[in-house]
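Architecture at a glance
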Amino acid sequence: MAADDCDGTSHANGTSPDNGPEPFAECVLCREPTGYPESRKGVTLCPVCEWQEAQRTACSG
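Just so you know, these numbers come straight off a predicted model, no measurement behind them.

Description of the packing of aromatic side chains
Overall, the coordinates contain zero aromatic pairs when judged by the stated rule. The ring of Tyr-36 is capped by Arg-40, whose NZ or CZ atom sits 4.0 Å from the centre of that ring.

Topic: unusual backbone geometry
What is expected of a backbone is that most residues other than glycine have negative phi and most peptide bonds are trans. Located in the positive-phi region is Arg-31, a residue other than glycine, with phi close to 65 degrees. By the element assignment, Arg-31 lies in the loop between strand E3 (24-26) and strand E4 (33-37).

A look at the side chain of Glu-22
Considering the arrangement of structural elements, one finds Glu-22 in the loop between strand E2 (20-21) and E3. In this structure Glu-22 is buried but unpaired, with Lys-41 as the nearest side chain of opposite charge at 9.5 Å.

Observations concerning the pattern of salt bridges
Charged atoms that come close allow side chains of opposite charge to pair. One pass over the full model with this rule turns up two salt bridges. Of the charged contacts, one joins Glu-26 and Arg-31 as a salt bridge, the two residues approaching to 3.1 Å between their closest N and O atoms. With relative accessibility at 58%, the residue Arg-31 sits in the exposed group. For Glu-53, the salt bridge is made with Arg-56, and the minimal N-O distance between the two is 3.0 Å. With Glu-53 and Arg-56 both in helix H1 (residues 47-58), this residue pair falls three residues apart, about one helical turn.

Cut-offs used in this document
- Numbers given to residues run from 1 along each chain, matching the order in which its sequence is written.
- Where local features are concerned, this predicted model is filtered to residues with pLDDT of at least 70; where side-chain atom pairs are given and counted, the filter is 80 or more; whole-chain, interface and lining totals use all residues.
- Side-chain metrics in this entry use all non-hydrogen atoms of the structure; hydrogen atoms and water are not considered.
- Stacked, tilted and edge-to-face are the three classes applied to pairs of Phe, Tyr and Trp rings, where Trp contributes its six-membered ring and a pair requires centres within 6.5 Å; stacked means planes under 30 degrees apart, edge-to-face means over 60, and tilted covers the rest.
- Placement of a positive charge over a ring is assigned whenever Lys NZ or Arg CZ falls within 6 Å of the ring centre and within 35 degrees of the normal to the ring plane.
- Numbering of helices and strands runs from the N terminus, with a helix taken as a DSSP run of H or I at least four residues long and a strand as a DSSP run of E at least two residues long.
- Remark: exposure states derive from per-residue accessible area (1.4 Å probe, protein chains only) relative to the maximum for the residue type, with buried under 20%, exposed over 50%, and partly exposed in between.
- Positive charges are assigned to Lys and Arg, negative charges to Asp and Glu, while His and the chain termini are left out of the count.
- Salt bridges are defined as contacts in which a side-chain nitrogen from Lys or Arg sits within 4 Å of a carboxyl oxygen from Asp or Glu.

What follows is the structure, given as structure tokens:
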């Protein structure tokens, strides 16, 4: 993926071009900050919850 999206609102380092750093989104499970900007669409998980979710789905065969 490119460093910035087509609309120019999100960069790989979590900043937006016009108003500085964008705050991080909260994890939907534990409410800890994630590495994703608040503008990210969809479910955002912190690294710990992401790892736990991957463990659950990998073993649910």
